[in-house]
Amino acid sequence: PPSPQTRAARVRVGKGDKPVTYEQAHAPHYIAHRKGWLSLHTGNLAEEPGAAERAVEDAFLRRFFYGTFPGILADEIVLKRRANLLVVCLVLARGLPPSKLYFLVGYAETLLSHFYKCPVRLELQTVPAKVVYKYL
Amino acid sequence: NLMGVRLAGSHVDTQESKTNPLVSISDEPEILYKRLSLLVKGHDKAVLDSYEYFAVLAAKELGISVEKVHKPPKKIERLTLLKSVHIYKKHRVQYEMRTHYMCLELKYLTSSTAAVYLEYVQRNLPEGVAMEVKKTKIEKIPEHIQEPVWDTLPQVEETEVKS
């Protein structure tokens, strides 16, 4: 069991007023037990190439979406790679009117597909507010 | 009264032959495969289990006989890295990457059956799962090996060796 001094990807217990999502509440040793993976690709499998390229792409995509949907992202984005197709699954809070959301979705899809030279598909879900798992 | 009837989808001219451009028929003899071995690798065992069910079901529907489905043991790749950016050599972090395997072996296929099955099964590969395919071809024995060599050589007369 990990020592109580580890601080990786853990939200420390506080007064009880900090809302925390399911993703943030669980520590990394719960991956594959209570958590799933945020980015699914074959780069990290044994004897498969391309792990570093996928990691760089993931980092870029997370910053890109953090910027194109300022303040509206409810949770971390989930990236799925199926044979050259990149599927980005977002959960957004309802801060913008739908017409603006459609424009942002189209802009993101075309820009990323031209940049990465592969089809990019965005799958959105809007949620009234951030889904809180517990308060720490 | 045919006033409001739409003739959009009706076959007004049935002279066109219905040939699917994707299907091609050739007269060459088909390549036969003795065994088609699919090795599926993934991080998540539940995903591999559901994919195994799907692949076995697809093979049964197409009439392909499944030889065996076995799960080779998982491989864990462990890394021990320094926890801190600058010093503190005694404090390290350990990461591990687990790869689960699942091997599906199919018996006696033709090349077109194999192509159809592989296309279907590969289009529905879940994300984060990789697949390797090995095909074992059946070929005819080449002509120069078909008869044993000692039958084809001209008969040599035995000469007595005087010791």
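This one's a predicted model, so the numbers in the text were calculated from it and none came from an experiment.

### Examining the UniProt feature "domain: Small ribosomal subunit protein uS10" (unreviewed entry) in chain B
- According to UniProt, the positions carrying the feature "domain: Small ribosomal subunit protein uS10" (unreviewed entry) are residues 37-134 of chain B.
- Structurally, residues 37-134 of chain B comprises 32% helix and 46% strand, and the distance from its first C-alpha atom to its last is 5 Å.

### Observations concerning the layout of surface pockets
- Counted as a void, the largest pocket has a volume near 2000 Å³.
- In terms of lining residues, the largest pocket is bounded by 47 residues, among which Pro-28, Ile-31 and Trp-37 of chain A together with Tyr-95 and Glu-96 of chain B are the most central.
- Counting only elements with at least two residues in the lining of the largest pocket, the list comes to strand 2 (39-40) and helix 2 (51-68) of chain A together with helix 1 (45-62), strand 3 (75-82) and strand 4 (92-110) of chain B.
- The dominant element in the lining of the largest pocket, judged by the number of residues it contributes, is strand 4 of chain B, at eight residues.
- Looking at side-chain class alone, the lining of the largest pocket contains 22 nonpolar, 11 polar and 14 charged residues.
- Together, 22 residues line the second largest pocket, and Arg-81, Arg-82, Ala-83, Asn-84 and Leu-85 of chain A are the ones closest to its centre.

### What about the interface of chain A and chain B?
- Each partner contributes residues to the interface: chain A has 13 residues there, and chain B has 14 residues.
- Linking chain A with chain B are three salt bridges, by the criterion used here.
- Where Lys-41 of chain B meets Glu-47 of chain A, a salt bridge forms, and the shortest distance between an N and an O atom there is 3.9 Å.
- Applying the counting rule to chain A against chain B returns three residue pairs in polar contact (both at pLDDT 80 or more).
- No other element matches strand 3 (residues 78-82) of chain A, which puts three residues into the side of chain A that touches chain B.
- Here the side of chain A that touches chain B is composed, by residue class, of four nonpolar, four polar and five charged.

### Description of the pattern of salt bridges
- The tally for this structure, following the rule as stated, stands at 16 salt bridges over all chains.
- When the shortest N-O distance is used, the salt bridge between Arg-81 of chain A and Glu-57 of chain A registers 3.0 Å. Residue Arg-81 of chain A is found in strand 3, and its partner Glu-57 of chain A is found in helix 2; the two are separated by 24 residues along the sequence.
- Its relative accessible area of 14% is what places Arg-81 of chain A among the buried residues.
- A salt bridge links Lys-71 of chain B to Glu-52 of chain B; the nearest nitrogen and oxygen atoms lie 3.4 Å apart. Remark: Glu-52 of chain B occurs in helix 1 and Lys-71 of chain B occurs in the loop between strand 2 (65-70) and strand 3; sequence separation between them is 19 residues.
- The exposure class assigned to Lys-71 of chain B is partly exposed, which follows from its relative accessible area of 41%.
- Within this structure, Glu-47 and Glu-48 of chain A together with Lys-41 and Lys-75 of chain B form a network of salt bridges that share partners.

The rules we used
Residues numbered from 1 in each chain as written. Chains lettered and ligands numbered in written order. Predicted model: local features only at pLDDT ≥ 70, side-chain atom pairs only at ≥ 80, totals over all residues. Heavy atoms only, no water. UniProt positions renumbered as here; feature names shortened; annotations may be inferred. Helix = DSSP H or I, 4+ residues; strand = E, 2+ residues; numbered from the N terminus. 1 Å grid on protein atoms, 1.4 Å probe; cavity = no way out; pocket = protein on both sides within 12 Å on 5 of 7 lines; lining within 4 Å. Points joined across faces, edges and corners; volume = space filled by probe spheres on them. Nonpolar A, V, L, I, M, F, W, Y, C, P; charged D, E, K, R; others polar. Contact = heavy atoms within 4.5 Å. Salt bridge = Lys/Arg side-chain N within 4 Å of Asp/Glu carboxyl O. Polar contact = N/O pair within 3.5 Å; in protein donor to acceptor, adjacent residues only side chain to side chain. Buried < 20%, exposed > 50% of the residue type's maximum accessible area, 1.4 Å probe, protein only.

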